[in-house]
Amino acid sequence: MTRIRLLLLDDHTLFRESLGKLLDTEPDLEMAAHCATSAEAIEALGRNAIDLVLLDYDLGDETGLQFIRKARQGGYQGRIFIVTAGMSDTDSVRALGQGVCGIFLKHSSPALLADAIRRVMAGETW
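Once a new chain begins, its residue numbering starts again from 1 and follows that chain's sequence as written. In keeping with the predicted nature of the model, local features appear solely for residues at pLDDT of at least 70, side-chain atom pairs appear and are counted solely at 80 or more, and the whole-chain, interface and lining totals rest on all residues. Where side-chain values are given, they derive from all heavy atoms of the structure, hydrogens and water being excluded.

## Structural notes on the sheet that holds strand E1 (residues 4-9)
And step 1. In spatial order, the strands read E2-E1-E3-E4-E5; together these five strands make up an open sheet with parallel pairing. Where the open sheet ends on each side, the last strands, each with one partner, are strand E2 (29-35) and strand E5 (102-105). Across this sheet, the average inter-strand angle for adjacent strands is 25 degrees, counted without regard to direction.
And step 2. Two strands are counted as paired when DSSP detects at least two bridges linking them. In this description a helix means any DSSP run of H or I spanning at least four residues, a strand means any run of E spanning at least two, and both kinds are numbered starting from the N terminus. Here E1 runs beside E2; their pairing, made up of six bridges, is parallel. Across the sheet, residue Leu 6 finds its bridge partner in E2, namely Met 31.
And step 3. Two residues form a contact once any of their heavy atoms are found within 4.5 Å. In this analysis, axes come from line fits to C-alpha atoms, helices being fitted only over the stretch in contact, and the angle between any two N-to-C directions falls in the range 0 to 180 degrees. Docked against the sheet, helix H3 (residues 64-73) engages E1, strand E3 (52-55) and strand E4 (79-84), running at close to 160 degrees with respect to E3.
And step 4. Where helix H5 (residues 110-121) meets the sheet, it contacts E1, E2, E3, E4 and E5, and its direction lies at approximately 155 degrees from that of E4.

## With respect to the packing of helix H2 (residues 38-47) against H3
And step 1. Look at H2 against H3: their axes get within 10 Å of each other, and the N-to-C directions meet at 25 degrees. One way to sum up the angle between H2 and H3 is to call them roughly parallel. The element H2 and its partner H3 pack so that their crossing is right-handed. Side by side, H2 and H3 meet where Ser 38, Ala 41, Ile 42 and Leu 45 of the first sit next to Phe 67, Lys 70 and Ala 71 of the second.
And step 2. Partitioned by chemical class, the residues of the contact of H2 with H3 number five nonpolar, one polar and one charged. An angle below 35 degrees is read as roughly parallel, one above 145 as roughly antiparallel, one from 65 to 115 as roughly perpendicular, and any other as oblique. Two helices that cross are described as forming a left-handed crossing if the nearer one is turned anticlockwise from the farther one by less than a right angle, and a right-handed crossing if clockwise. For this classification, the nonpolar set comprises Ala, Val, Leu, Ile, Met, Phe, Trp, Tyr, Cys and Pro, the charged set comprises Asp, Glu, Lys and Arg, and every other residue, Gly included, is treated as polar.

## Looking at the side chain of Asp 10
And step 1. Inspection of the secondary structure puts Asp 10 in the loop between E1 and helix H1 (13-24).
And step 2. Of note is the side chain of Asp 10, whose polar atom sits 2.7 Å from the side chain of Lys 106.
And step 3. If sequence neighbours within four positions are ignored, Asp 10 has contacts with Phe 15, Arg 16, Cys 35, Ala 36, Asp 56, Leu 59 and Lys 106. What qualifies as a polar contact is a pair of N or O atoms within 3.5 Å, subject to a donor-acceptor requirement within protein and to the restriction that residues adjacent in sequence count only when both atoms come from side chains.

## Considering the environment of Leu 113
And step 1. Within the secondary structure layout, Leu 113 lies in helix H5.
And step 2. Under the relative-accessibility criterion, Leu 113 is labelled buried at 3%.
And step 3. For the pair Leu 113 and Leu 23, spaced 90 residues apart in sequence, the C-alpha separation works out to 9.0 Å.
And step 4. Ignoring sequence-local partners within four residues, the contact set of Leu 113 consists of Leu 19, Leu 23, Phe 81, Val 83 and Phe 104. Burial classification: accessible surface area is computed with a 1.4 Å probe over protein chains only, and a residue below 20% of its type maximum counts as buried, one above 50% as exposed, and the rest as partly exposed.

Put into structure tokens, the structure is as follows:
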């Protein structure tokens, strides 16, 4: 079985570490890296083969849109899936325009997130 290699970028340590451990229990998912900042994530993308970035939109000093731009400029061609507490309609449209494969709200269940990951990796938009 080929595992989906994930990178999680979220500035909240408890959420990031908890979600990472939870997703790692799925037989087809592998948490290859989790990062608190865009700079850490860009560096991790250079060191790891990542299939999907799980990206929080609000990263404190910057937004997910800034990370997307940097990742694409750095050559990352994989999928990016926003996992957020919420974002404006305008920012949602901008993110989708930058090629994210979907937007997932954090108040949803972990089981639904695992399913969404599989579906976006199969080519669907969430």
